[in-house]
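The chain contents come next:
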Amino acid sequence: QAELVESGGGLVQPGGSLTLTCAASESVYNINSWAWYRQAPGKQRLLVAKIRASGSTEYEESVKGRFVISRDNDKKMMSLQMNSLKPEDTAVYYCNVHWSRIWGSGDSWGQGTQVTVSL
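So, how was this worked out
- Residues numbered from 1 in each chain as written.
- Predicted model: local features only at pLDDT ≥ 70, side-chain atom pairs only at ≥ 80, totals over all residues.
- Heavy atoms only, no water.
- Disulfide = S-S within 2.5 Å.
- Helix = DSSP H or I, 4+ residues; strand = E, 2+ residues; numbered from the N terminus.
- Buried < 20%, exposed > 50% of the residue type's maximum accessible area, 1.4 Å probe, protein only.
- Contact = heavy atoms within 4.5 Å.
- Pairing = 2+ DSSP bridges.
- Axes fitted to C-alpha atoms, helices over the stretch in contact; angles between N-to-C directions.
- Polar contact = N/O pair within 3.5 Å; in protein donor to acceptor, adjacent residues only side chain to side chain.
- Phe/Tyr/Trp six-rings, centres within 6.5 Å; stacked < 30°, edge-to-face > 60°.
- Lys NZ or Arg CZ within 6 Å of the ring centre and 35° of its normal.
- Salt bridge = Lys/Arg side-chain N within 4 Å of Asp/Glu carboxyl O.

1. As for the state of the cysteines
Applying the stated criterion across every chain, the model contains one disulfide. Between the sulfur of Cys 22 and that of Cys 95 lies a disulfide, 1.9 Å long from S to S. With the S-S dihedral at roughly -75°, the linkage between Cys 22 and Cys 95 falls on the left-handed side. Taken as a pair, Cys 22 in strand E3 (residues 18-24) and Cys 95 in strand E9 (residues 91-101) lie far apart in primary sequence, 73 residues in all. Overall, the relative accessible area of 0% leaves Cys 22 in the buried class. Its relative accessible area of 0% is what places Cys 95 among the buried residues.

2. Let's talk about the side chain of Ser 33
With respect to the helices, strands and loops of the structure, Ser 33 is situated in strand E4 (residues 31-39). The exposure class of Ser 33 is buried, given its relative accessible area of 9%. When neighbours within four sequence positions are excluded, Ser 33 is seen to be in contact with Lys 50, Ile 51, Arg 52, Asn 96, Val 97 and His 98.

3. Some thoughts on the sheet that holds strand E8 (residues 77-82)
Pairing between the strands of a sheet is mediated by backbone hydrogen bonds and can be parallel or antiparallel. Within the open sheet, the four strands sit side by side as E1-E3-E8-E7. Their pairing is antiparallel. Looking at strand neighbours, the two that pair on one side only are strand E1 (4-7) and strand E7 (67-72), the edges of this open sheet. Direction aside, the axes of adjacent strands within the sheet are offset by 15° on average. Bridge count between E1 and E3: four bridges; the pairing is antiparallel. Of the residues in E3, the one forming a bridge with Ser 7 is Thr 21.

4. Structural notes on the side chain of Ser 108
With respect to the helices, strands and loops of the structure, Ser 108 is situated in strand E10 (residues 104-109). A distance of 2.8 Å separates the side chain of Ser 108 from the side chain of Glu 3, its partner in a polar contact. Apart from the residues lying within four places of it in its own chain, the contact partners of Ser 108 are Glu 3, Leu 4, Val 28, Cys 95, Asn 96, Val 97 and Trp 99.

5. Some words on the packing of aromatic side chains
A full pass over the atoms with the stated rule returns two aromatic pairs. A centroid spacing of 5.8 Å and a plane angle of 75° characterise the contact between Trp 99 and Trp 103, whose relative ring orientation is edge-to-face. If you follow Arg 45 out to its NZ or CZ, it ends over the ring of Tyr 94, 3.6 Å from the centre.

6. Quick word on the pattern of salt bridges
For the coordinates displayed, the defined rule picks out five salt bridges. For the salt bridge of Arg 38 with Glu 60, the shortest nitrogen-to-oxygen distance reads 3.8 Å. Of this pair, Arg 38 sits in strand E4 while Glu 60 sits in the loop between strand E6 (57-59) and E7, placing them 22 residues apart in sequence. Residue classification places Glu 60 among the partly exposed positions, given a relative accessible area of 29%. For Arg 38, the salt bridge identified is with Asp 89, shortest N-O distance 2.9 Å. With Arg 38 in strand E4 and Asp 89 in the loop between E8 and E9, this pair connects stretches of sequence that are 51 residues apart. Side by side, Arg 38 and Asp 89 carry an identical accessibility label, which is buried.

If you want it as structure tokens, here you go:
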């Protein structure tokens, strides 16, 4: 069973909206933060948005005011509401969870979901 499963990607026109969702399995717990990263072809994987256990959030500069990250602790799910999408938002989006254990901490990743913004 995959630890993180993303959904909601697809093709959308510029100016449109999409919502990405990430669901965590039972094997993922003691979550310190949830985050979305994206990777465009030929480029590095970069942080898009993060929400910490405290509820504080941070966003990559280019998505501020357009994207909103949220989470549901009871359902162990996270969402990214993406509005006013631009062609430069086209990328594979990855869900990330940073977790902790008695012995240390680590990260889990989803398989990625493609977002394409085009006419």
